[in-house]
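Inside the fold
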Amino acid sequence: MAVSKEDILETIGNMSVLEIVDLIEAMEEKFGVTAAAAVAAAPAAAGGGEAEAAEEQTEFDVILSSFGDNKVGVIKAVRGITGLGLKEAKEVVEGAPSPLKEGVSKDEADDMKSKLEEAGASVEIK
C-alpha cells in the first residue's frame, strides 16, 4: 500500500520537535544523506524575495532563547505547549536556544510567547 505525500506531511505536522529531529537523524542514517545541504540551499534559492516574504509572513517559528531563573516553570510551560514528556521538555529547555514550534499562526506564536515569558523564559518569534 503506497502512502501519499499528503499523508506523510500530515503525520510530520503532528509530530513534536524532538520527534522530527529523531526522524531526520534516522533518514540521514538510512539513506546516507545530510539534511544540512538542503537547508543551506533553501536560503540561496529565496534570494531577493526576502522583503516580500517579510510583508506576507503568515507562519512563525517560536524559539526558546533561554530559560531564565525559573527553569522548572519553563519546563512546565514547554510541556503544556508542546505535549512533550518531562524528560524531552527538560532536554529542549536545557538545549536553549531551541525551536519549540515551527510554522504556527501569529496568534498562536504570541500566545506561546506570553506563556513562556510569564514562566520566566526568553522567547523569539521569527
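Up top you'll find the structure we're talking about.
Residues numbered from 1 in each chain as written. Predicted model: local features only at pLDDT ≥ 70, side-chain atom pairs only at ≥ 80, totals over all residues. Heavy atoms only, no water.

**Things to note about the packing of aromatic side chains**
Where we set the bar: Pairing of aromatic side chains here covers Phe, Tyr and the six-membered ring of Trp, requires ring centres within 6.5 Å, and sorts the geometry by plane angle: under 30 degrees stacked, over 60 edge-to-face, intermediate tilted. Throughout this description, the term charge over a ring refers to an Arg CZ or Lys NZ atom that lies within 6 Å of the ring centre and within 35 degrees of the ring normal.
For the structure shown, the criterion picks out zero aromatic pairs. Across from the ring centre of Phe67, 5.6 Å away, lies the NZ or CZ of Lys71, which sits over that ring. Stacked on the ring of Phe60, the Lys or Arg Lys106 has its end atom at 5.2 Å from the ring centre.

**Side note on the pattern of salt bridges**
Using the following cut-off: Throughout this description, the term salt bridge denotes a Lys or Arg side-chain nitrogen within 4 Å of a carboxyl oxygen of Asp or Glu. Numbered from the N terminus, helices here are DSSP runs of H or I no shorter than four residues, and strands are runs of E no shorter than two.
Tallied over the entire structure, the rule returns seven salt bridges. For Lys90, the salt bridge is made with Glu94, and the minimal N-O distance between the two is 3.3 Å. Here Lys90 and its partner Glu94 are both found in helix α6 (residues 86-94), four residues apart, which amounts to about one turn of the helix. If you follow the salt bridges from partner to partner, you end up with Lys71, Lys90 and Glu94 in one network.

**As for helix α7 (residues 106-119)**
Here is the rule: Multiplying 1.5 Å by the residue count of a helix minus one yields the expected span of that helix. Buried residues are those whose accessible area, probed at 1.4 Å on protein chains only, stays under 20% of the maximum for their type, while exposed residues exceed 50% and partly exposed ones sit between those limits. Our arc is simply the arc of the directions from the helix axis toward the C-beta atoms. For this analysis, residues touch if any pair of their heavy atoms sits within 4.5 Å.
Compared with the 20 Å implied by 1.5 Å per residue over 14 residues, the 20 Å span of α7 between its first and last C-alpha is a close match. Within the sequence span of α7, burial applies to Ala109, Met112, Leu116 and Ala119. Along the axis of α7, the buried residues cluster in a sector spanning 90 degrees; they form a single face. Away from its buried face, by an angle of more than 90 degrees, α7 presents the exposed residues Asp107 and Glu118. On the buried face of α7, the contacting elements are β1 (60-66), α5 (71-82), β2 (98-104) and β3 (122-125). With its phi angle positive at about 110 degrees, Gly120 sits one or two positions after the end of α7.

**Observations concerning the nonpolar core**
Note the cut-off: Among buried residues, the Ala, Val, Leu, Ile, Met, Phe, Trp, Tyr and Cys ones that are joined through side-chain atoms within 4.5 Å form a nonpolar core.
Val62, Val74, Val78 and Leu116 are the most contacted members of the largest nonpolar core, which totals 20 residues. Elements with a minimum of two residues in this core: β1, α5, α6, β2 and α7. Sort the elements by how many residues they give to this core and α5 lands first, with five residues. Aside from chain neighbours lying at most four places away, what touches Val78 is Gly83, Leu84, Ala89, Val93, Leu100 and Leu116.

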